[in-house]
Amino acid sequence: MKISEVAMATGLSVDTLRFYEKIGLIDPPARDAAGRRVYDREILGWIRFLGQLNATGMKQADRVRYARLRAKGRDTLAERREMLEAHREVIRRQLEQLHDTLALMDRKVAIYHDLEKESADA
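Residues numbered from 1 in each chain as written. Predicted model: local features only at pLDDT ≥ 70, side-chain atom pairs only at ≥ 80, totals over all residues. Heavy atoms only, no water.

**Considerations on the packing of aromatic side chains**
Overall, the coordinates contain three aromatic pairs when judged by the stated rule. Arranged with centres 6.1 Å apart and planes meeting at 20°, the rings of Trp46 and Tyr66 form a pair that is stacked. A residue pair is termed long-range when its members are at least 10 positions apart, and Trp46 in helix α3 (residues 43-55) and Tyr66 in helix α4 (residues 60-72) qualify at 20 residues. Across the pair, Tyr66 and Trp46 agree in class, each one buried. Put simply, the rings of Trp46, Phe49 and Tyr66 touch in pairs and so form one group of aromatic residues. (Phe/Tyr/Trp six-rings, centres within 6.5 Å; stacked < 30°, edge-to-face > 60°. Helix = DSSP H or I, 4+ residues; strand = E, 2+ residues; numbered from the N terminus. Buried < 20%, exposed > 50% of the residue type's maximum accessible area, 1.4 Å probe, protein only.)

This is the structure:
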């Protein structure tokens, strides 16, 4: 795949893909005879995973560290698992906080409905 095709498929800009390559989030792709980047389709799954880590608040430095460990292969399986377990706990706490916040918003909305109804009945 050309870099423009990866950009279109992932929603990332060409500049972002080049930046990801520069900082080590994605491996440098092969080059064609003209020197243009040629990506394997497998990169799409990896970029999707990186996006999910980003969306859950994993810091860029941690994503880069994870990518570097991944590039080292099976010898880093335990360390990568531990990183994901720690991040999973962060996500679990975030979800708990969001659940509590949603319950508070539900109560507040109900209060406003009641107050509006009282005003309309008066």
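**Remarks on the nonpolar core**
In this structure, Val6, Leu17, Leu25, Ile26, Tyr39, Ile43 and Trp46 are the most contacted members of the largest nonpolar core, which totals 20 residues. Among the elements of the structure, α1 (3-10), α2 (14-23), α3 and α4 are those that each provide at least two residues to this core. If near-sequence neighbours (up to four positions away) are discounted, Trp46 is found in contact with Leu25, Ile26, Tyr66, Ala67 and Arg70. (Core = buried A, V, L, I, M, F, W, Y, C linked by side-chain atoms within 4.5 Å. Contact = heavy atoms within 4.5 Å.)

**Some details on the pattern of salt bridges**
Under the criterion given, the structure shown has eight salt bridges. For Asp32, the salt bridge identified is with Arg36, shortest N-O distance 3.1 Å. Given the relative accessible area of 52%, Arg36 is considered exposed. In this structure, Arg93 and Glu89 form a salt bridge, with 3.6 Å as the shortest nitrogen-oxygen distance. Taken together, the positions of Arg93 and Glu89, both in helix α5 (residues 77-121) and four residues apart, correspond to about one turn of that helix. Relative accessible area serves as the criterion here: at 44%, Arg93 is assigned to the partly exposed category. You can call Glu89 partly exposed: its relative accessible area is 30%. (Salt bridge = Lys/Arg side-chain N within 4 Å of Asp/Glu carboxyl O.)

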